[in-house]
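Chain and residue survey
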Amino acid sequence: MAREMKEHELASPVDLPGEPVEGGHPLLWTTLTILVAAVALLCANAGTLAAWVDEKPVSELQQQASQHAAGWKATMDATGVTAPRAALHGWWKRLQAARFGEEAQGGTP
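Note that the structure is a prediction, hence the values are computed from the model and not measured.

**Side note on the pattern of salt bridges**
- Scanning the model with the defined rule gives 1 salt bridge in all.
- With a closest N to O distance of 2.7 Å, Asp77 and Lys73 form a salt bridge. Taken together, the residues Asp77 and Lys73, both in helix H3 (residues 60-79) and 4 residues apart, mark about one turn of the helix.
- Given the relative accessible area of 37%, Asp77 is considered partly exposed.
- We classify Lys73 as partly exposed; its relative accessible area is 31%.

As structure tokens, then:
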């Protein structure tokens with residue numbers, strides 16, 4: 001049972017409505033959200049997928065998976081889907097490599 005709000009009160013973000021929302025399909029919404037996120041990551045992070053497959057112990061299955069992952073990466077690179085991630089990764093690597101003053105590569109002067 002929800003309490004009555006006074007005129008001067010604002011709704012709290014944690015107050016739940018008194019009655020359940022009818023007609024919603026939360027499982028469908030959740031499934032679609034996870035599916036869209038998985039497809040977006042599969043496309044945008046194709047290089048990460050290829051690198052992950054290449055790190056696995058060598059076997060016949062790993063070799064086939066590596067070929068498929070490399071093909072997928074090449075396709076995503078050709079379409080330009082991986083460009084934003086590659087640009088951000090390059091920016092991050094340049095920041096990591098930045099040195100200040102007499103700082104050596106290992107982090108100490």
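**Topic: the packing of helix H2 (residues 46-55) against H3**
- At a closest axis distance of 8 Å, the pairing of H2 and H3 adopts a crossing angle of 165 degrees. As far as their axial angle goes, H3 and H2 are roughly antiparallel. Seen along the crossing, H2 lies across H3 with a hand that is left-handed. Every residue of H3 that contacts H2 at Ala46, Gly47, Leu49, Ala50, Val53 and Asp54 is listed here: Gln62, Ala65, Ser66, Ala69, Trp72, Lys73 and Met76.

**Notes on the side chain of Thr82**
- The topology assignment puts Thr82 in the loop between H3 and helix H4 (83-97).
- Under the relative-accessibility criterion, Thr82 is labelled buried at 10%.
- One polar contact links Thr82 to Asp77, side chain to side chain, over a distance of 2.5 Å.
- In contact with Thr82, other than residues within four places in its own chain, are Cys43, Ala44, Ala46, Met76 and Asp77.

Definitions and cut-offs
Residues numbered from 1 in each chain as written. Predicted model: local features only at pLDDT ≥ 70, side-chain atom pairs only at ≥ 80, totals over all residues. Heavy atoms only, no water. Salt bridge = Lys/Arg side-chain N within 4 Å of Asp/Glu carboxyl O. Helix = DSSP H or I, 4+ residues; strand = E, 2+ residues; numbered from the N terminus. Buried < 20%, exposed > 50% of the residue type's maximum accessible area, 1.4 Å probe, protein only. Axes fitted to C-alpha atoms, helices over the stretch in contact; angles between N-to-C directions. Parallel < 35°, antiparallel > 145°, perpendicular 65-115°, else oblique. Left-handed = near helix turned anticlockwise from the far one by under 90°. Contact = heavy atoms within 4.5 Å. Polar contact = N/O pair within 3.5 Å; in protein donor to acceptor, adjacent residues only side chain to side chain.

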